[in-house]
Amino acid sequence: MLVLGIETSCDETAAAVVDERGAVRSDVIESQIRVHAPYGGIVPELASRDHLKNARPVIETALSRAGVALDEIAGIAVTSRPGLSGALLVGVQIARGLAFASELPLVGVDHLLGHLLAAFLVYPDVASAPPPAFPFVALLASGGHTALYRVDGPEHSQVRELGATRDDAAGEAFDKVAKLLGLGYPGGPVVDRLAHEGDPTRIELTAPMRAKNSLEFSFSGLKTSVARYVEQNGRPGNDQRLRDLCAAFQTRVVDALVHKTVVAATREGVSTIVFGGGVAANRQLRTQAARAAEKHGLSLCIPLPRACTDNAAMIAYAAVPRLLRGESDAAGLEVSPHTALPRVTRKGAGNR
Ligand code: KG4
Ligand code: ZN
């Protein structure tokens, strides 16, 4: 069974063809970074317009790279939540039109479920690790969300949030710190690169990151701590101090993410941990997660970096169980800025 996935929830227009086992036949991503970079962040209106311009060529390329025509596709999957409403509407309307014209079933997918299942994707050009076994504990760390989940199966009713961030998402913290340091948007990849050449012990950033054993996160204090450092010491130029500051910041974030994932796995009594979302592309996080997994006897699954950041292959794969059951949202499919996964952490609630 082949599924066409379409993703337009944020600043990437993506389409992919994936089979029911997660084998990726094609994976096309058109990034809007150049559109938003001059503004230092995503401008929703510009995102919608750019999706509208790129969606058709991206979908056509995904089909042609997979070497299939629309009539060989068994169903269409589209991100319907969470995300920027205008951006989501573009993908959903195109998917509805395609499904109507080709009489294919259409399934709306929660973007977060896509990230949680990205570890199951298999790319033809890369030797892949075995997929994770259910149940597992997953850390999702992206630009919009950061939370730990217990995942008992591939459907959203089988996912339970264990704890989330009370303020900024981890990727948002990377982006804000990068902006503060004049490093442009998006910040994650640049901070990753600079931190690699820095010493995390030279600059001390003091900020509470929530109690060590709580499964909730907080990143806004750390961001403020970087801002305070810059106020007191001046903004570093392109020098070693910049690299050390990035390394100090990144180490604090990665330590918290990896530590709490291990705590969650122990508490849930599961032996597999999975990472997903753009921040899981971070090199230090990948290395530290591998070390922690080995130390605690856990098996670790981290998708390839290209499957961590936004893509449509994960969206196609997340629709497989519903398509196999013959379900379709068809004309009733609507968009929402909110996830359908139940939340337990109140964002912005402050320290309890
Ligand atoms: O999953 P994603 O592509 O989109 C969302 O659903 O938000 O995540 C994007 C976020 C951005 O905040 C970006 O700065 C961050 O992931 N990111 C990284 C890295 N690559 C992307 N953060 C740290 N290190 C990276 N290498
Ligand atoms: Zn995402």
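Scroll up a little and you will see the structure.
Residues numbered from 1 in each chain as written. Chains lettered and ligands numbered in written order. Predicted model: local features only at pLDDT ≥ 70, side-chain atom pairs only at ≥ 80, totals over all residues. Heavy atoms only, no water.

### Let's talk about the coordination of the zinc ion (ligand 2)
Working step 1: Surrounding the zinc ion (ligand 2) are the protein donor atoms His111 (NE2), His115 (NE2) and Asp310 (OD), at 2.0 to 2.1 Å.
Working step 2: Viewed at the metal, the 4 donor atoms of the zinc ion (ligand 2) are separated by angles of 94 to 136°, and the geometry they form is irregular.
Working step 3: Mapping the donors of the zinc ion (ligand 2) onto the primary sequence gives the spacing H-x3-H-x194-D. Within this pair, whereas His111 is found in helix 4 (residues 111-117), its partner Asp310 is found in the loop between helix 10 (305-308) and helix 11 (313-318), the two being separated by 199 residues in sequence.
Working step 4: Overall, Asp310 belongs to the buried group, its relative accessible area being 12%. (Donors = N, O, S within 2.8 Å, 3.2 Å for Na, K, Ca; no water. Tetrahedral: all angles 85-135°; square planar, octahedral: opposite > 155°, others 65-115°. Helix = DSSP H or I, 4+ residues; strand = E, 2+ residues; numbered from the N terminus. Buried < 20%, exposed > 50% of the residue type's maximum accessible area, 1.4 Å probe, protein only.)

### A look at the sheet that holds strand 7 (residues 146-151)
Working step 1: Sheet architecture is open: 5 strands sit in the order 8-7-6-9-10, paired in mixed fashion. If you trace the sheet from one side to the other, it starts and ends with strand 8 (159-164) and strand 10 (299-301), each paired once. Along the sheet, successive strands turn relative to each other by an average axial angle of 25°, direction set aside.
Working step 2: In the sheet, strand 6 (residues 136-141) pairs with strand 7 via 6 bridges, with the strands oriented antiparallel. Paired with Leu139 across the strands is Leu148, a residue of strand 7. (Pairing = 2+ DSSP bridges. Axes fitted to C-alpha atoms, helices over the stretch in contact; angles between N-to-C directions.)

### Quick look at the packing of aromatic side chains
Working step 1: Counted under the stated rule, the structure contains 6 aromatic pairs.
Working step 2: Plain terms: the ring middles of Phe120 and Phe136 are 6.3 Å apart, the flat faces sit at 40° to each other, and that makes the pair tilted. Of the two residues, Phe120 is situated in the loop between helix 4 and strand 6 and Phe136 in strand 6; the sequence distance between them amounts to 16 residues. Take Phe120 and Phe136: they sit in the same class, and that class is buried.
Working step 3: Taken together, the aromatic side chains of Phe120, Phe134, Phe136 and Tyr317 make up a single cluster linked through ring pairs. (Phe/Tyr/Trp six-rings, centres within 6.5 Å; stacked < 30°, edge-to-face > 60°.)

### Some words on unusual backbone geometry
Working step 1: The step from Arg81 to Pro82 runs through a cis peptide bond, and the omega angle for that step is -25°.
Working step 2: When you line up the elements, Pro82 lands in the loop between strand 4 (75-81) and helix 3 (85-102).
Working step 3: Phe134 connects to Pro135 through a cis peptide bond whose omega is -10°.
Working step 4: Summarising the element assignment, Pro135 is placed in the loop between helix 4 and strand 6.
Working step 5: You will see that Glu103, though not glycine, has its phi angle at about 55°, which is positive.
Working step 6: Residue Glu103 is classed as exposed on the basis of its relative accessible area of 73%.

### Observations concerning the pairing of strand 3 (residues 24-31)
Each regular strand shows side chains that alternate between the opposite faces of the sheet.
Working step 1: Two elements, strand 2 (residues 12-19) and strand 3, share 7 bridges in a ladder whose sense is antiparallel. Residue pairing across strands places Val17 opposite Ser26, the latter belonging to strand 3.
Working step 2: Between strand 2 and strand 3, which follow one another and run antiparallel, lie 4 residues, and Gly22 among them has a positive phi close to 95°.

### A word on the environment of Ala207
Working step 1: Looking at the element boundaries, Ala207 is found in the loop between helix 6 (187-196) and helix 7 (220-233).
Working step 2: By relative accessible area, which is 13% here, Ala207 ends up buried.
Working step 3: Residues Ala207 and Leu222, spaced 15 residues apart in sequence, show a C-alpha to C-alpha distance of 5.1 Å.
Working step 4: When sequence neighbours within four positions are dropped, the list of residues in contact with Ala207 reads Gly221, Leu222, Ser225 and Arg252. (Contact = heavy atoms within 4.5 Å.)

### Points about the site of ligand 1
Working step 1: Taken together, 21 residues are adjacent to ligand 1, and Gly143, Asp175, Gly188, Asp192 and Asp310 come closest.
Working step 2: Asp175 is positioned such that a nitrogen or oxygen atom in its side chain is 2.7 Å from an oxygen atom of ligand 1.
Working step 3: The separation between a nitrogen atom of ligand 1 and a polar side-chain atom of Asp192 is 2.9 Å.
Working step 4: For ligand 1, whose free accessible area comes to 550 Å², the fraction covered by protein is 89%.
Working step 5: Sorting the residues of the shell around ligand 1 by element identifies helix 4, helix 5 (170-180) and helix 6 as the ones contributing at least two each.
Working step 6: With 4 residues, the top contributor of residues to the shell around ligand 1 is helix 6.
Working step 7: Here the shell around ligand 1 is built from residues that sort into 6 nonpolar, 12 polar and 3 charged.
Working step 8: Residue-level mapping places the shell around ligand 1 at the junction of two domains, with at least three residues from each of domain 1 (2-125 + 307-324) and domain 2 (136-303). (Near = heavy atom within 4 Å. Polar contact = N/O pair within 3.5 Å; in protein donor to acceptor, adjacent residues only side chain to side chain. Areas by Shrake-Rupley, 256 points an atom, 1.4 Å probe, with all protein chains shown as cover. Nonpolar A, V, L, I, M, F, W, Y, C, P; charged D, E, K, R; others polar. Domains from an automatic or database assignment.)

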